[in-house]
There are 2 protein chains.
Amino acid sequence: MLNRVRSAVAHLVSSGGAPPPRPKSPDLPNAPSPQTAAPPEAPRSPPATAGSGSAAPAKTVEARASFSRPTFLQLSPGGLRRAVDHAGRAVQSPPDTGRRLPWSTGYAEVINAGKSRHNEDQACCEVVYVEGRRSVSGAPREPSQGQGLCFYYWGLFDGHAGGGAAEMAARLLHRHIREQLKDLSCWSSQKEVTHESLVVGAIENAFQFMDEQMARERRGHQVEGGCCALVVVYLLGKVYVANAGDSRAIIVRNGEIIPMSREFTPETERQRLQLLGFLKPELLGGEFTHLEFPRRIQPKELGQRMLYRDQNMTGWAYKKIELEDLRFPLVCGEGKKARVMATIGVTRGLGDHNLKVCSSTLPIKPFLSCFPEVRVYDLTQYEHCPDDVLVLGTDGLWDVTSDCEVAATVDRVLSAYEPNDPSRYKALAQALVLGARGTPRDRGWRLPNNKLGSGDDISVFVIPLGGPGSYS
Amino acid sequence: MLNRVRSAVAHLVSSGGAPPPRPKSPDLPNAPSPQTAAPPEAPRSPPATAGSGSAAPAKTVEARASFSRPTFLQLSPGGLRRAVDHAGRAVQSPPDTGRRLPWSTGYAEVINAGKSRHNEDQACCEVVYVEGRRSVSGAPREPSQGQGLCFYYWGLFDGHAGGGAAEMAARLLHRHIREQLKDLSCWSSQKEVTHESLVVGAIENAFQFMDEQMARERRGHQVEGGCCALVVVYLLGKVYVANAGDSRAIIVRNGEIIPMSREFTPETERQRLQLLGFLKPELLGGEFTHLEFPRRIQPKELGQRMLYRDQNMTGWAYKKIELEDLRFPLVCGEGKKARVMATIGVTRGLGDHNLKVCSSTLPIKPFLSCFPEVRVYDLTQYEHCPDDVLVLGTDGLWDVTSDCEVAATVDRVLSAYEPNDPSRYKALAQALVLGARGTPRDRGWRLPNNKLGSGDDISVFVIPLGGPGSYS
């Protein structure tokens, strides 16, 4: 995720001093060059002693947030040292000893190659009990009426510009979902409002409340940066996959790939962003134009005809260049280099309340959406075999691995294990992370085909859909 | 389309007097009952003499616009009488004599069953020559440089609240497209801007300019109401299908159905409409709420918990009812009864600049989009046979005919004709219109399965994709 926020850390309000004054000429803002954008930081030596997650000794919030790894990894002090070593980049998984993750879920992660000090990915895997809420009428319910329910929960959080938001989301988002799902007990069948649509609404609102909590607590608790969130909820036979950001989930079923999410980037959300800039031009601060051009326009081109794209358009057309068109475009760049306001490369997620345009006080948060897209998969509609899995990965995986390559790895790894061997899903997660990381060679981490591996944090869940896990 | 605008005619500014005062209580506005909404009008006797389209004698603009039928129908005075007879509902097609439509395109139409005075559908089919524009630099081009190009064009326009907008669009939209396509000559290959995306942009902008022209000329020329627009452009091997409204286009290829459009209604565009109401609450005039509820809320329910859906949500959640929630919802109703501001059932199209909320001065146009969705089909990627067709129909067809039923009719009718018989596509268009209209029986027009046929205007183009037509 590091690449996706340019120098954002330097512009956080929490960093202290007032932002530097910036010229108002239409030539600005200039996107910083990649070299200056996200400077590779020397890996800080890991502390001599450090617990994992909540087991860590009392430290400043910043340190705790930055160094914690998922508690289910059960990292020893030595394990944590290996986990945070940017040079070795050891793949981490829950130990074979101790309690297994629900459904024999596989998990593996690896830290980045030095692009940021800490591993800014976070993960959570829980079984959550939901107590029923009081009835709609407001009358307190008899204790015997209080029928609760359980849901299974997996979350991947890919932080940027600091690890605070991802750490907070990993710690709290499922609690917000639990709170929202209490309303399920109020539900009585109504036309067009299905049980499924209530779960979807509960997850959507939980994301919003999580984001609002980050906004409230950002000063007191130093919630740094923001994070992408990819969350899976299993409830009453259905799998809900909620995505806000550029992580990805796919189901591999009998070798077939079923996409369970899509990525939210300045390219995929161009029209939403442009529409907002068009309807609320004050959010552009007189510095940006909501129009898109194929390249930056020079002042000497005023009055000439130029290709452009407006918020309603998928095609391109010509217009005569006016003074306003010389402003920097709200959305610019292509592929992984696409940016909103020359700053951030993901358009949905949690946090980022302090994120400002480089060298400016213009807030970017209004253009970011905390709402996920939720896709639903009915587990009961298909007889799943132990090789059918739901794979969740942060962009560190998907930047260098295609869906088809993941499906091939699923086939290769799982077929090497007995179908009832619960460790096969962890082995698969490790294989996926290793395959995306590569090995150190030729001044970098390289894949077998000699292409560069991912230098980003990489985190992967492998959730078996028809394996030995009991879904009750 | 008539059903889709409730009493809109009565509230057009052009109708004269000031709108009646209306109570501001949150109980309002009430959607008029279907009985009072679009009163069946007695069919007006056709004039003794009337030409078709531009051949019509000088009349008031209103009369000309209302009575004109596509010129390619070459209607005689007697033919026009039959065409406007709501009781007989004779199916109209171009005569066998005279010039055939390009590509041997089939066309058929029928007037409504008395729901509106005139047939508010309009159609256009043309071969359009585009002259190259001057070069980008502005220097005049040498005559020898002036390389033009031709495109084939089909348009269906389903008018509502009057026939003026549909008539104007049928007469002028392809000219706007021609004007925009002149820019193609400026194009030099640039990254990410393909030739195809320029054609798409040209069509998108043409829709906008057409809509702006309607806004400018609505008073002088009495451009009544609005219209859905479904347009096909064939240019350099590719078919561009642009849709704004609830008409539909499908390709039937070797029996397979390929959707070439989607419908834009308050249901399919709920989130776009709600977002606009959320970002620009002044457009709601203090009378509507952008939130959606499963049913109308009663004042006595204030403070209770109620299901709702916001612009970011696809699911439902609960909220405590506040005073603002008692306002009428911006989007209400289901299926064909869904409405924006209790008034209109389509959310994209041309015109409607004077459309107001029933019994109010609140304009609805800001919520309507004139921009089409354009889908592209590359004719060169597949070896088409004479039975492969692109079918365009107004909602009169699709309200009572599924895609599969259309595909079955394609198969049934075309197999009854020789592959090189150019009249087979007209016969197919007629069969589709007849199949949607039904026959008069049991106090209504009924289909063979005794369900009600469509009482709406019905218009159908059948465009052969691999037939005897020459695509040069």
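Please read all numbers here as calculations on a predicted model, not as lab measurements.

1. Observations regarding the overall build of chain A
When you go through chain A residue by residue, the secondary structure sums to nine helices and 19 strands. When each of the 472 residues of chain A is scored for burial, the buried share is 56%. Sequence separation of at least 24 residues holds for 70% of the intrachain contacts in chain A that already meet a minimum separation of 6. Counting every atom, chain A has about 19300 Å² of accessible surface; 52% of that belongs to carbon and sulfur.

2. Looking at helix 8 (residues 403-414) of chain A
Since the α-helix turns once every 3.6 residues, residues separated by three or four places project in the same direction. Residues and elements named next belong to chain A. Taking 1.5 Å of rise per residue, the twelve residues of helix 8 would be expected to cover 16 Å, and the 16 Å separating its terminal C-alpha atoms lies within 8% of that figure. Of the positions making up helix 8, those classed as buried are D403, V406, A407, T409, V410, V413 and L414. Down the axis of helix 8, the smallest arc covering the buried residues is 160°, so these residues share one side. For helix 8, exposure combined with an orientation more than 90 degrees from the buried face picks out C404, D411 and R412. On the buried face of helix 8, the contacting elements are strand 6 (248-253), strand 7 (256-259), strand 16 (389-393), helix 7 (395-398) and helix 9 (424-437).

3. Considerations on unusual backbone geometry
Residue and element names in this part refer to chain A. For S104, which is not glycine, the phi torsion reads 60° and is therefore positive. Here S104 shows up in the loop between helix 3 (77-83) and strand 1 (106-110). Judged by relative accessible area, S104 falls into the buried class, the value being 9%.

4. Re empty space enclosed by the protein
Residue and element names in this part refer to chain B. Enumeration over the complete set of coordinates arrives at twelve cavities of 30 Å³ or more. Its volume calculated, the largest cavity comes out at about 70 Å³. Forming the boundary of the largest cavity are eleven residues, of which V223, G225, D352, H353 and N354 lie nearest the centre. Residues of the lining of the largest cavity, tallied by class, amount to four nonpolar, four polar and three charged.

5. Describing the sheet that holds strand 7 (residues 256-259) of chain B
In a beta sheet, neighbouring strands pair by backbone hydrogen bonds and run either parallel or antiparallel. Residue and element names in this part refer to chain B. Taken together, the five strands give an open sheet; going across it, the order is 1-19-16-6-7, and neighbouring strands pair in antiparallel fashion. The open sheet terminates on both sides in strands that have one partner only, identified here as strand 1 (106-110) and strand 7. Here the average twist between neighbouring strands, direction ignored, is 20°. By the bridge criterion, five bridges tie strand 16 (residues 389-393) to strand 19 (residues 458-464) in an arrangement that is antiparallel. Directly across from V389, in strand 19, lies its bridge partner P464. The strands that helix 8 (residues 403-414) touches are strand 6 (248-253), strand 7 and strand 16; relative to strand 6, the one it contacts most, it runs at about 50°.

6. Re the pairing of strand 5 (residues 238-244) of chain B
Residues and elements named next belong to chain B. Across the seven residues of strand 5, six count as buried, placing the element largely inside the fold. Where strand 4 (residues 226-235) and strand 5 come together, seven bridges link them in antiparallel fashion. Its bridge partner lying in strand 5, V233 is registered against Y240. Where strand 5 and strand 15 (residues 373-378) come together, six bridges link them in antiparallel fashion. Residue pairing for strand 15: Y240 is matched across the bridge by V376.

7. Quick look at the sheet that holds strand 16 of chain A
All names here are of chain A. Reading across the sheet, the five strands line up as 1-19-16-6-7 and stay open at both edges, with antiparallel pairing between neighbours. Both edges of this open sheet fall to strand 1 and strand 7, since each of them pairs with a single strand only. Each strand axis lies, on average, 20° off the axis of its neighbour in the sheet, ignoring direction. Along the sheet, helix 8 contacts strand 6, strand 7 and strand 16; its crossing angle with strand 6, the most-contacted strand, is approximately 50°.

8. Some thoughts on the confidence of the model for chain A
Residues and elements named next belong to chain A. Overall, the predicted model of chain A reaches an average pLDDT of 83, with 79% of residues at or above 70. Scored below 50 in pLDDT, residues 6-66 shows 103 contacts in the model against residues more than four places distant or in partner chains. Counting interchain partners and residues more than four positions distant, the pLDDT-below-50 stretch residues 136-145 has ten contacts. Scored as a whole, the predicted complex attains pTM 0.83, and scored at its interfaces, ipTM 0.80.

9. A word on the pattern of salt bridges
Counting across every chain of the model gives 42 salt bridges over all chains. A single salt-bridge network, built from bridges that share partners, covers A:R248, A:E263 and A:D403.

10. As for the packing of helix 8 of chain B against helix 9 (residues 424-437) of chain B
Residue and element names in this part refer to chain B. In contact at an axis separation of 9 Å, helix 8 and helix 9 are set at 140° when each is read in the N-to-C sense. The angle between helix 8 and helix 9 places the two elements in the oblique class. Handedness of the crossing formed by helix 8 with helix 9: right-handed. Contacts between helix 8 and helix 9 involve V406, T409, V410, V413 and L414 from the first element and R424, Y425, A427, L428, A431 and L432 from the second. Residues that form the contact of helix 8 with helix 9 fall into these classes: nine nonpolar, one polar and one charged.

11. Re the packing of aromatic side chains
All told, the structure shown has 20 aromatic pairs over all chains when counted by the stated rule. Taking the centre distance of 6.0 Å and the plane angle of 90° together, the rings of A:F288 and A:F328 count as edge-to-face. Linking A:F288 in strand 8 (residues 288-289) with A:F328 in strand 11 (residues 328-329), this pair joins segments that are 40 residues apart in sequence. For the pair formed by A:F288 and A:F328, the shared burial category is buried. An aromatic cluster is defined as three or more aromatic residues linked by ring pairs; in this entry it consists of A:W103, A:Y152, A:W154 and A:Y234. Positioned above the aromatic ring of A:F264 is the side chain of A:R348, whose terminal nitrogen or guanidinium carbon lies 4.0 Å from the ring centre. Seen from the ring of B:Y382, B:R253 lies directly overhead, with NZ or CZ sitting 3.7 Å from the centre.

12. Digging into the environment of A:V413
All names here are of chain A. Locating V413 in the fold gives a position in helix 8. Between the alpha carbons of V413 and L326 there is a distance of 54 Å; along the sequence they are 87 residues apart. Sequence-distant contacts of V413, defined by excluding residues within four places in its chain, comprise R424, A427, L428 and A431.

13. Side note on the side chain of B:D403
Looking at the element boundaries, B:D403 is found in helix 8. Look past the residues within four positions of B:D403 in its chain and what remains in contact with it is B:R248, B:I250, B:I257 and B:W398.

14. Notes on the environment of A:D457
All names here are of chain A. Tracing the chain through its elements places D457 in the loop between strand 18 (445-446) and strand 19 (458-464). If near-sequence neighbours (up to four positions away) are discounted, D457 is found in contact with V110, I111, N112, S116, H118, N119, E120, D121, T394 and G396. Within the structure, the side chain of D457 is placed 2.7 Å from the side chain of N112, a separation counted as a polar contact. Looking at D457, its side chain comes within polar contact range of the main-chain nitrogen of E120, at 3.0 Å.

15. Looking at the pairing of strand 7 of chain B
Residues and elements named next belong to chain B. Sheet topology places strand 6 next to strand 7; four bridges connect them, and they run antiparallel. If you follow I250 over to strand 7, its bridge partner there is P259. Connecting the antiparallel pair strand 6 and strand 7 is a turn made up of two residues, with N254 showing a positive phi of about 55°.

16. As for the state of the cysteines
Residue and element names in this part refer to chain A. Within this structure, the stated rule accounts for zero disulfides over all chains. Note on C370: no disulfide assigned, nearest cysteine sulfur contributed by C227 at a separation of 11 Å. Overall, C370 belongs to the buried group, its relative accessible area being 9%.

17. Some points on helix 4 (residues 164-181) of chain B
Residues and elements named next belong to chain B. Taking 1.5 Å as the rise per residue, helix 4 with 18 residues should run 26 Å; its terminal C-alpha atoms sit 26 Å apart, in good agreement. Its maximal kink placed at L172, helix 4 deviates by approximately 40°. Here helix 4 lies mainly inside the structure; 14 of its 18 residues are buried.

Cut-offs used in this document
- Residues numbered from 1 in each chain as written.
- Chains lettered and ligands numbered in written order.
- Predicted model: local features only at pLDDT ≥ 70, side-chain atom pairs only at ≥ 80, totals over all residues.
- Heavy atoms only, no water.
- Helix = DSSP H or I, 4+ residues; strand = E, 2+ residues; numbered from the N terminus.
- Buried < 20%, exposed > 50% of the residue type's maximum accessible area, 1.4 Å probe, protein only.
- Contact = heavy atoms within 4.5 Å.
- Areas by Shrake-Rupley, 256 points an atom, 1.4 Å probe, with all protein chains shown as cover.
- Expected span 1.5 Å × (residues − 1).
- Arc of directions from axis to C-beta.
- 1 Å grid on protein atoms, 1.4 Å probe; cavity = no way out; pocket = protein on both sides within 12 Å on 5 of 7 lines; lining within 4 Å.
- Points joined across faces, edges and corners; volume = space filled by probe spheres on them.
- Nonpolar A, V, L, I, M, F, W, Y, C, P; charged D, E, K, R; others polar.
- Pairing = 2+ DSSP bridges.
- Axes fitted to C-alpha atoms, helices over the stretch in contact; angles between N-to-C directions.
- pLDDT = per-residue confidence, 0-100.
- Salt bridge = Lys/Arg side-chain N within 4 Å of Asp/Glu carboxyl O.
- Parallel < 35°, antiparallel > 145°, perpendicular 65-115°, else oblique.
- Left-handed = near helix turned anticlockwise from the far one by under 90°.
- Phe/Tyr/Trp six-rings, centres within 6.5 Å; stacked < 30°, edge-to-face > 60°.
- Lys NZ or Arg CZ within 6 Å of the ring centre and 35° of its normal.
- Polar contact = N/O pair within 3.5 Å; in protein donor to acceptor, adjacent residues only side chain to side chain.
- Disulfide = S-S within 2.5 Å.
- Bend = angle between axes of the 7 residues up to and from the residue.

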